[in-house]
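Each chain is listed here by its residues.
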Amino acid sequence: MAELTKLVIPLEGQKLIVLAMLLLNGPYRKALAPDLVRPINDKLVAVIYERMPHPPRNFAAQDFRSVDGADRLGAAYMPYAQSVIPGPPSKVALPSPQEVFDKLMLREQTFDADGKRTEKVVDNPDGLSSLTFAYGTLVIHSIFRSGLTDPKLNETSSFFDLSPLYGDDIEEQLSVRNRTGRGLLAPDCFVDDRILFLPPAAAALLVLFNRNHNHIAGELLKNEKEARGWTDPVLLQWDTRRRNKQDDEIFELARLVNCVHFVNIVITDYVGGVMGRTRDGGGWPLNAEVFDKINLPDRAITYADNPSEFLMATHVSRGDGNLVSTEFNTLYRWHAVLSEIDVKWTEDIIAAALNRRDFENLTPEDYIRAFRMAQPPHEDPKQRTFARLVRNPETNFFDDNALAKLIFDATEAPAGMFRANGTPLVLGFIDVRGIQRARDVGTCTMNEFREWLGLPKYTSFEEWNKNSKVAAAASELYGGEIDRLELYPGLHAEGILGDGLHDYSSEPLRVNTTRNGLLLDAVTLIRGDRFFTTAFNKENYTETGFADVQRDITNRAYGGCVHKVLMRTLPNHFPEDSVYTWFPMTTPAEMKKALAANPEGWSFDRPAIPPAK
Ligand code: HEM
């Protein structure tokens with residue numbers, strides 16, 4: 001093992017990423033001498049982080065230097081970054097987006113004798129549940145909100161700031177607050193009405209984050225009152241100025257803390273799951289201290305040929321800011337992984353409103369009309385509902401049982417697999433628009449993106465996807481030239497070798513582009529955020545807030561964090577011994593297999609719903 005470690009130190013780029021991740025993986029990690037884990041982890045983080053430019057080199061929409069130079073990196077209403085500057089456009093015309101979608105991305109369909117259509121769902125091979133991608137929609141809606149009139153503009157900030165809950169400007173934020181001096185959000189509401197158009201587990205999760213905020217605000221007021229000089233809010237009811245000031249302070253602190261809960265789940269349950277590592281106890285593929293100070297030579301990669309300098313201390317930067325890019329906006333459009341129930345839910349809403357079940361020629365207008373008819377969004381976000389949930393007329397809360405049911409249903413539903421021909425027909429027009437959008441904003445090709453990530457370029461369509469039918473269709477669309485393959489279909493119809501990151505044995509350098517990109521992006525976004533790094537301390541978060549978000553890497557979920565929010569916000573629904581509590585992003589059926597050798601103390605059954613009050 002020591003020999004293997006020596007191998008890692010002089011490596012660089014992609015080879016280092018693959019080998020270091022292998023060494024840090026479960027069984028190998030245990031065999032590593034403890035003092036070797038840290039240097040390998042640190043070099044891995046350095047290589048990943050330094051590969052992304054900070055700040056980005058280019059803005060997708062910025063043809064001229066801004067007149068006042070006052071751009072704030074990552075603020076809402078900034079243009080997307082363009083990480084890869086594409087080469088000159090090919091003189092040969094590109095295929096129509098619809099044709100690209102139909103041949104490479106449309107979920108396989110079969111028709112029975114009566115013409116009834118069935119879509120072939122391939123369950124996610126890592127056992128991920130639909131809840132993973134409900135969470136995923138909260139993640140992507142936190143950082144992407146492409147302008148309707150100008151898709152090069154991002155109307156939300158590039159930070160994991162739970163903007164679907166809190167909004168993108170002060171007016172939106174105030175629309176979900178009541179400013180009683182306690183820093184609370186109004187009961188069970190959120191700002192972003194895009195979430196109402198998604199399968200309801202996403203909205204249910206957001207409601208739980210609302211409750212989590214209010215729990216945190218309550219604890220802060222209780223425990224930090226003296227230290228912060230806060231007053232009992234009852235005594236402030238006639239003093240609007242002081243009441244608002246106190247409310248703002250508690251609110252902003254609770255928001256900071258709540259965002260760390262959100263990102264802790266991203267790091268552990270979510271990215272760990274998507275990388276295929278939750279089931280076998282792998283969790284987050286990097287050392288948990290990835291966002292801490294790292295002391296290494298400034299550009300660790302350039303020290304590759306001098307291993308003795310590897311441990312020399314300077315530092316790897318962090319907290320520099322973020323600007324999400326147009327390439328990653330393309331990468332995250334994971335419509336192929338939608339579960340059968342999520343697709344059915346979407347289809348049923350559209351069919352009921354439009355009175356037809358053929359989804360071939362949907363338009364954005366059809367789509368919006370269907371959702372507005374199904375559940376007209378209330379003007380006031382405090383009164384909005386979803387999935388036909390009803391608010392308690394006295395408290396304005398939703399029924400806990402109804403929320404828990406939505407979470408349990410999504411936990412049991414197997415997500416789909418990342419694969420070619422995986423996007424459900426009903427989301428077809430969204431992908432077609434996405435392909436066109438990627439062209440309009442000047443997105444690079446698949447191979448340009450891979451090269452930028454440090455991955456070897458594909459040399460043939462067969463290498464990109466071993467399924468000969470998919471490879472032949474793509475080759476035909478792009479005139480046999482793999483370098484012309486666009487990023488959108490390139491990512492979403494890419495084949496997975498073995499099961500992606502797990503199978504290094506036969507072709508060690510072949511790593512799936514999406515997973516590779518996800519890891520890079522997650523490290524970059526979180527490490528670039530000062531509130532998760534340089535400003536993450538007791539002074540800024542208070543003793544109470546800082547203690548609340550500490551992760552326990554020895555817990556039953558291999559360090560996962562989602563159970564904390566579930567148990568806290570629905571205290572009667574998530575039992576201590578249930579896989580629904582600790583592993584809701586993997587289906588219970590899959591967790592039963594994963595824990596088969598050691599099932600004592602685990603319940604795999606759906607938790608009982610308490611009698612309605
Ligand atoms: C049934 C579930 C879903 C529905 C109905 C849906 C619908 C949509 C719609 C309507 C758009 C806007 C397209 C446009 O304006 O051109 C969109 C964009 C997008 N979707 Fe989905 N989506 C779903 C699930 C997901 C999931 C699970 C993910 C990934 C975790 C995802 C990632 C994205 C991304 C990254 C965008 C671009 C957002 C932007 O640029 O502002 N979607 N989706």
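Calculation notes
Residues numbered from 1 in each chain as written. Predicted model: local features only at pLDDT ≥ 70, side-chain atom pairs only at ≥ 80, totals over all residues. Heavy atoms only, no water. Helix = DSSP H or I, 4+ residues; strand = E, 2+ residues; numbered from the N terminus. Contact = heavy atoms within 4.5 Å. Areas by Shrake-Rupley, 256 points an atom, 1.4 Å probe, with all protein chains shown as cover. UniProt positions renumbered as here; feature names shortened; annotations may be inferred. Near = heavy atom within 4 Å. Polar contact = N/O pair within 3.5 Å; in protein donor to acceptor, adjacent residues only side chain to side chain. Nonpolar A, V, L, I, M, F, W, Y, C, P; charged D, E, K, R; others polar. Phe/Tyr/Trp six-rings, centres within 6.5 Å; stacked < 30°, edge-to-face > 60°. Buried < 20%, exposed > 50% of the residue type's maximum accessible area, 1.4 Å probe, protein only. Lys, Arg positive; Asp, Glu negative; His and termini not counted. Salt bridge = Lys/Arg side-chain N within 4 Å of Asp/Glu carboxyl O. pLDDT = per-residue confidence, 0-100.

An unreviewed UniProt entry annotates the chain as Heme peroxidase of Athelia psychrophila.

Peer 1: Go over the overall build of the chain with me, naming the residues and quoting the values.
Peer 2: The secondary structure content of the chain amounts to 24 helices and 4 strands. Taking all contacts inside the chain whose residues are at least 6 apart in sequence as the whole, residues at least 24 apart take part in 73%. As displayed, the chain has an accessible area near 26,300 Å², and 54% of this comes from carbon and sulfur atoms.

Peer 1: How would you summarise the UniProt feature "binding site: heme b" (unreviewed entry) in the chain if you had to cite specific residues and measurements?
Peer 2: Per the UniProt record, "binding site: heme b" (unreviewed entry) is found at His 335. Position of His 335 relative to the elements: it lies in the loop between helix H11 (326-331) and helix H12 (340-354). What His 335 contacts, discounting residues up to four positions off in sequence, is Arg 107, Gly 422, Thr 423, Pro 424, Leu 427, Ile 430 and Asp 431.

Peer 1: For the site of the ligand, give the residues involved together with the corresponding values.
Peer 2: As a structural note, the neighbourhood of the ligand is formed by 22 residues, with Ser 146, Asn 329, His 335, Tyr 367 and Arg 433 the closest of them. Between an oxygen atom of the ligand and a side-chain N or O atom of Asn 329, the distance comes to 2.7 Å. Of all the secondary-structure elements, those providing two or more residues to the shell around the ligand are helix H6 (130-143) and helix H15 (428-440). Along the lines of polarity and charge, the residues of the shell around the ligand split into 13 nonpolar, 6 polar and 3 charged.

Peer 1: Hey, could you go over the packing of aromatic side chains for me, with residue numbers and the actual values?
Peer 2: If you walk through the whole model with that rule in mind, you get 30 aromatic pairs. With a centroid separation of 5.2 Å and an interplanar angle of 65 degrees, the aromatic rings of Phe 408 and Phe 574 are classed as edge-to-face. Highlighted residues: Phe 408 in helix H14 (residues 400-412) and Phe 574 in the loop between helix H22 (562-569) and helix H23 (579-582), separated in sequence by 166 residues. Taking relative accessible area as the criterion, Phe 574 reaches 5% and is therefore assigned buried. Between Phe 536 and Tyr 541, the ring centres sit 5.0 Å apart and the planes meet at 85 degrees, which makes this aromatic pair edge-to-face. We classify Phe 536 as partly exposed; its relative accessible area is 24%.

Peer 1: Describe the side chain of Asp 342, and please don't skip the residues or the numbers.
Peer 2: Following the sequence through the fold, Asp 342 ends up in helix H12. At 8.7 Å, Arg 107 is the nearest oppositely charged side chain to Asp 342, a buried residue that forms no salt bridge. Beyond its immediate stretch of four places on either side in the chain, Asp 342 contacts Ser 130 and Pro 199.

Peer 1: Can you tell me about the pattern of salt bridges, naming the residues and giving the values?
Peer 2: Tallied over the entire structure, the rule returns 29 salt bridges. A salt bridge links Asp 126 to Arg 515; its shortest N-O distance comes to 2.7 Å. Separated by 389 residues along the polypeptide, Asp 126 in the loop between strand S3 (117-119) and H6 and Arg 515 in helix H20 (residues 513-527) bring together distant segments of the chain. What makes Arg 515 buried here is its relative accessible area of 7%.

Peer 1: I'd like a description of the confidence of the model for the chain, backed by residues and values.
Peer 2: Across the chain, the average pLDDT comes to 85, with 83% of residues at 70 or higher. For residues 62-71, every residue scores under 50 in pLDDT, and the model assigns this stretch 4 contacts once sequence neighbours within four places are set aside. In this model, residues 498-505 is a region of pLDDT below 50 whose contacts with residues beyond four sequence positions or in other chains number 13 contacts. Scored by ipTM, the complex comes to 0.97, with pTM at 0.89.

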